[in-house]
Amino acid sequence: MVFGVLSSNDKNFNNNNRVIQSWYLIAKSKDIKPLTAKTFNILKRKITIYRNTKGIIHALDSRCPHLGADLGLGKVIDCRLQCPFHHWTINEKGNCFSKNNKDTKLKSRIYPTQEKYGYIWIFNGPKPLFEIPEPPKNRNLSILKSPSQEIKCHPHIVTANAIDAPHFASLHKLRFTSKPTSKTERPFKVITEMNGYLGSKLFQKLIGVNKENPIKVISSTIGGNMAWLDITKPYKFNVLFTTKQSNKNTCITNVFFFLPKNLNYIRALLAVHNLLHDDRKILDTLNFHPGFSKEDKAFKELYDIVNKMECW
Ligand code: FES
Ligand SMILES: [Fe+2]
């Protein structure tokens, strides 16, 4: 009997050797004070983030284009980052100047950045391919972030959870009041719509959702590491899931809740918590295999999208 050899993963999906181009949450805004720089060992690279004299955040490869010193040890002078070793400077376009201010023609790789929801985000590609999702502008919302969590699987798997309608029925015991639907908005979005309620009478009471008053969730994945939940019934709120690979090949998740000021927070948090807490033990031990069935259309769409994305 011949046993097949497990092939190495040549796809992007669930591949720890690749990081797909997307927005990644790096640090709290308040962690990078004006005129300071710091190097982060993230997404399999070393990235330096600094805040210039105008308070604007920039990100670049941490290695100085001269001889490779860590730019995170440098100083911010005017709008340039000065390397600590021979005092060459790098401007916001990544151009590198010698100590006597001559353009060396050497370049640092720079990355798009944003500050949103109190955090610094970088896009690990030359220019953003999509935006970080945000709730409608005209609503008076509170933003809550739950503490970061580490899950022992790839971020793509955690992201897929948001649009995996079949598992909401089997694992989370959600009873659908209509058949879940899904669609793809190429090149980066998979959208699943679910309407249903939880079987447990206790939870029906706690979160105010039942057969007559089901929850309506439109759940979208953006790229391969973010998911946006648009909950429209029985109360309106949004949830943003963001994930990233850790250096130990686990997944760090950060979840933001966008809640109307008059909403009973506990209910909204309980609703999401109840849907998610059972995932933990499955995801921590999952050894992914793409044995998709017809029911897994949305998951397969995400898989195809991620496999076509640019990465580093
Ligand atoms: S290594 Fe940075 S200036 Fe020399
Ligand atoms: Fe789940």
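All figures in this text were calculated on a predicted structure; none of them were measured in a lab.

Draft legend 1. Main features of the domain arrangement of the protein. One can read the domain layout of the protein as domain 1 (23-123) and domain 2 (141-308). Relative placement of domain 1 and domain 2: their C-alpha centres are 35 Å apart. Contact with domain 1, which involves eleven residues of that partner, is made by 15 residues of domain 2. Roughly 1100 Å² of surface becomes buried between domain 1 and domain 2 when both sides are summed, with 62% attributable to carbon and sulfur atoms. When residues of domain 1 are sorted by the area they lose upon contact with domain 2, L25, K44 and Y117 head the list and together hold 47% of the total. At the boundary of domain 1 and domain 2, one finds zero salt bridges. Applying the counting criterion to the domain 1 and domain 2 interface returns four residue pairs in polar contact (both at pLDDT 80 or more). Looking at the side of domain 1 that touches domain 2, the elements that each hand over two or more residues are β1 (23-28), β2 (37-42) and β12 (119-123). Considering only residue class, the side of domain 1 that touches domain 2 consists of nine nonpolar, one polar and one charged.

Draft legend 2. The pairing of strand β11 (residues 113-116), seen in detail. Residues Q114 and K116 of β11 are buried on one face, while the alternating residues T113 and E115, pointing to the opposite face, are not. Pairing of β11 with β12 involves four bridges; the strand directions are antiparallel. Pairing of T113 across the sheet is with I122, part of β12. Here β11 hands over to β12 after two residues, with Y117 in that stretch at a positive phi of 60 degrees.

Draft legend 3. Just the sheet that holds β12, in detail. Spatial ordering of the open sheet is given by β1-β12-β11, a layout of three strands whose pairing is antiparallel. The two strands at the open ends of the sheet, each matched to only one other strand, are β1 and β11. Shown here is a sheet whose adjacent strand axes are inclined to one another by a mean of 30 degrees, direction ignored.

Draft legend 4. Local environment of the nonpolar core. Core analysis: the largest hydrophobic core is formed by 51 residues, its most contacted members being F13, I26, I49, W121, F130, L240 and F256. Considering every element that reaches this core, the biggest residue donor is helix α6 (residues 297-308), with six residues. Both domain 1 (23-123) and domain 2 (141-308) contribute no fewer than three residues apiece to this core. Membership of the second largest hydrophobic core comes to 23 residues, among which are F168, L174, L198 and L263.

Conventions we followed
- Residues numbered from 1 in each chain as written.
- Chains lettered and ligands numbered in written order.
- Predicted model: local features only at pLDDT ≥ 70, side-chain atom pairs only at ≥ 80, totals over all residues.
- Heavy atoms only, no water.
- Domains from an automatic or database assignment.
- Contact = heavy atoms within 4.5 Å.
- Buried area = accessible area lost by both parts, 1.4 Å probe.
- Salt bridge = Lys/Arg side-chain N within 4 Å of Asp/Glu carboxyl O.
- Polar contact = N/O pair within 3.5 Å; in protein donor to acceptor, adjacent residues only side chain to side chain.
- Helix = DSSP H or I, 4+ residues; strand = E, 2+ residues; numbered from the N terminus.
- Nonpolar A, V, L, I, M, F, W, Y, C, P; charged D, E, K, R; others polar.
- Buried < 20%, exposed > 50% of the residue type's maximum accessible area, 1.4 Å probe, protein only.
- Pairing = 2+ DSSP bridges.
- Axes fitted to C-alpha atoms, helices over the stretch in contact; angles between N-to-C directions.
- Core = buried A, V, L, I, M, F, W, Y, C linked by side-chain atoms within 4.5 Å.

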